[in-house]
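An overview of the molecular structure
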Amino acid sequence: MFITFEGIEGCGKTTQVNKLKEYFESQGKDVLVTLEPGGSRLGKTLRKILLSMESQDLTKEAELFLYLADRAQHVEQVIRPALARGQIVISDRYADSTIVYQGYGRGLDPQTLHSFNEIATKDLWPDLTILLDLPVEIGLKRAVTRNIQKKLTKDEGRFEAESIKFHNRVREGYLTWAALNKNRFVIVDATGEIDEIFTQILNKVTSFEEKRVEGVSNQI
Ligand code: TYD
């Protein structure tokens, strides 16, 4: 099973990814947690370039192809092998981030980006995508505080430095894209406490698993 988490800066993805991993492991399941950008050896180098404040001169096309290169390598070297081993893969961001950030955010055509993603991933799409939704003002405040605490502002602050307008386009873009892909997206309100948010996520994951089991038994 392949699950991805998506959302704006500071939506709390990383915390929830780890909680879901612990939940699956408590059920005896084998889980691989990974992330984009930076899930492969090449990706770690690309991540530095992509998130650094020094990369503010990147053109949107150059940025796009770096994300796609990161993804192609990640899918081939990390995600597909893990799925083939029977692991549950949870990725902190994946192909939808490109459609939303480079598409709705930067103004590139989402359908073209969808085709590029098909090439980069050889058409590997998540079974379930959890979108953590919250207002931009709350998310950015959390993300900037985290960067200051972890001294990451210079190395990883390029997106946090974008305008509020950009982040609002990203938030709206996620909601639009989720509505167009209802078959695999679930939207979770990420404004509350960590445990409340996780309860919502768990409800969505369990009802997804139940549907999958029903789907399989209907096929027998
Ligand atoms: P990350 O540190 O993972 O941010 P967060 O903690 O908010 O998830 O940084 C990833 C940044 O890269 C984030 O601002 C979104 C951006 N991004 C894209 O613009 N396109 C993409 O395809 C991906 C994967 C990420």
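The present account deals with the structure reproduced in this document. This one's a predicted model, so the numbers in the text were calculated from it and none came from an experiment. (Residues numbered from 1 in each chain as written. Predicted model: local features only at pLDDT ≥ 70, side-chain atom pairs only at ≥ 80, totals over all residues. Heavy atoms only, no water.)

1. A few points about the site of the ligand
Here is the rule: Proximity is defined per residue: any heavy atom of the residue falling within 4 Å of a molecule or strand makes that residue near it. Counting of polar contacts relies on pairs of N or O atoms within 3.5 Å, with two restrictions inside protein: one atom must be capable of donating a hydrogen and the other of accepting it, and residues adjacent in sequence are counted only when both atoms are side-chain atoms. Here the Shrake-Rupley method, with its probe set to 1.4 Å, supplies the accessible areas, and only the displayed protein chains count as covering residues. Points on a 1 Å grid, built from protein atoms alone, make a cavity when a 1.4 Å probe fits but cannot get out and make a pocket when they are open with protein on both sides within 12 Å along at least 5 of 7 lines; residues with an atom within 4 Å of a point are the lining residues. Any molecule with more than half of its atoms within 2 Å of a cavity's or pocket's grid points is counted as sitting in it. Runs of E in the DSSP output that reach at least two residues are strands. Runs of H or I that reach at least four are helices, and both are numbered from the N terminus. Basically, the charged four are Asp, Glu, Lys and Arg, the nonpolar ten are Ala, Val, Leu, Ile, Met, Phe, Trp, Tyr, Cys and Pro, and anything else, Gly included, counts as polar.
Among the 16 residues in the neighbourhood of the ligand, the closest are listed as E9, K13, R47, Y67 and T98. In this structure, an oxygen atom belonging to the ligand sits 2.7 Å away from a side-chain N or O atom of R47. R71 places a side-chain nitrogen or oxygen 3.0 Å from an oxygen atom of the ligand. Expressed as a share of its isolated accessible area of 540 Å², the protein-covered part of the ligand is 95%. Taking a 2 Å distance to the grid points as the criterion, the majority of the atoms of the ligand fall inside the largest pocket. At the level of elements, α2 (41-51), α3 (60-84) and α4 (95-105) are the ones that each hand at least two residues to the shell around the ligand. Here the residues of the shell around the ligand are counted per class, giving 5 nonpolar, 3 polar and 8 charged.

2. Things to note about the side chain of R93
We apply this condition: Only protein chains enter the calculation, and the probe is 1.4 Å; a residue is then buried if its accessible area is under 20% of its type maximum, exposed if over 50%, and partly exposed in between. Note on contacts: a residue pair qualifies if any of its non-hydrogen atoms lie within 4.5 Å across the two residues.
Relative to the helices and strands, R93 is located in the loop between β3 (88-92) and α4. The class of R93 is buried, set by a relative accessible area of 12%. A distance of 3.0 Å separates a polar side-chain atom of R93 from the backbone oxygen of G7. If we ignore the near neighbours within four places in the chain, the residues touching R93 are F5, E6, G7, I8, E9, K13, E36, Y101 and Y174.

3. Topic: the packing of helix α6 (residues 136-149) against helix α8 (residues 164-180)
This is how it is decided: Axes here mean lines fitted to C-alpha atoms, for a helix over just the part in contact, with angles spanning 0 to 180 degrees between N-to-C directions. Roughly parallel here means an angle under 35 degrees, roughly antiparallel means over 145, roughly perpendicular means 65 to 115, and every remaining angle is called oblique. Note on convention: near helix rotated counterclockwise from far helix by under a right angle means a left-handed crossing. Clockwise means right-handed.
Remark: α6 packs on α8, axes separated minimally by 10 Å, with the N-to-C direction vectors making an angle of 115°. By the criterion of interaxial angle, the relationship of α6 to α8 is roughly perpendicular. α8 is crossed by α6, and the crossing has right-handed handedness. Of the residues in α8, those in contact with V136, E137 and L140 of α6 are I164, H167, N168 and R171.

4. Let's talk about the pairing of strand β4 (residues 128-133)
Quick note on the threshold: Criterion used throughout: strands pair if DSSP finds at least two bridges between them.
Of all 6 residues in β4, 6 are buried; the element is thus mostly enclosed. Alternating residues of β4 divide into L128, I130 and L132 and T129, L131 and D133, and every residue in both groups is buried. Here 5 bridges tie strand β1 (residues 2-7) to β4, and the two strands are oriented parallel to one another. Looking at β4, one finds that T4 is bridged to T129.

5. So, the layout of surface pockets
Our working rule: Grid points are joined across faces, edges and corners, and a volume is the space filled by probe spheres set on the points.
Considered as a void within the structure, the largest pocket measures approximately 930 Å³ in volume. Along the wall of the largest pocket there are 39 residues; nearest its centre are K13, T14, R47, D92 and R146. Listed by contribution, the elements that provide at least two residues to the lining of the largest pocket are α1 (13-26), β2 (31-35), α2, α3, α4, α6 and α9 (194-219). Ranked by the residues each element gives to the lining of the largest pocket, the list is headed by α1, at 6 residues. Along the lines of polarity and charge, the residues of the lining of the largest pocket split into 15 nonpolar, 12 polar and 12 charged.

6. Concerning the environment of K122
Residue position: K122 is located in the loop between α5 (110-121) and β4. In this structure K122 comes out as exposed when scored by relative accessible area, which is 54%. For the pair K122 and V75, spaced 47 residues apart in sequence, the C-alpha separation works out to 8.5 Å. Apart from residues no more than four positions distant in its own chain, K122 is found in contact with E76, R80 and N117.

7. Considerations on the packing of α3 against α4
Running from N to C, α3 and α4 point in directions that differ by 175°, and their axes come no closer than 10 Å. By the angle class used here, α3 and α4 are roughly antiparallel. Of the residues in α4, those touching α3 at E63, L64, Y67 and R71 are A95, T98 and Q102.

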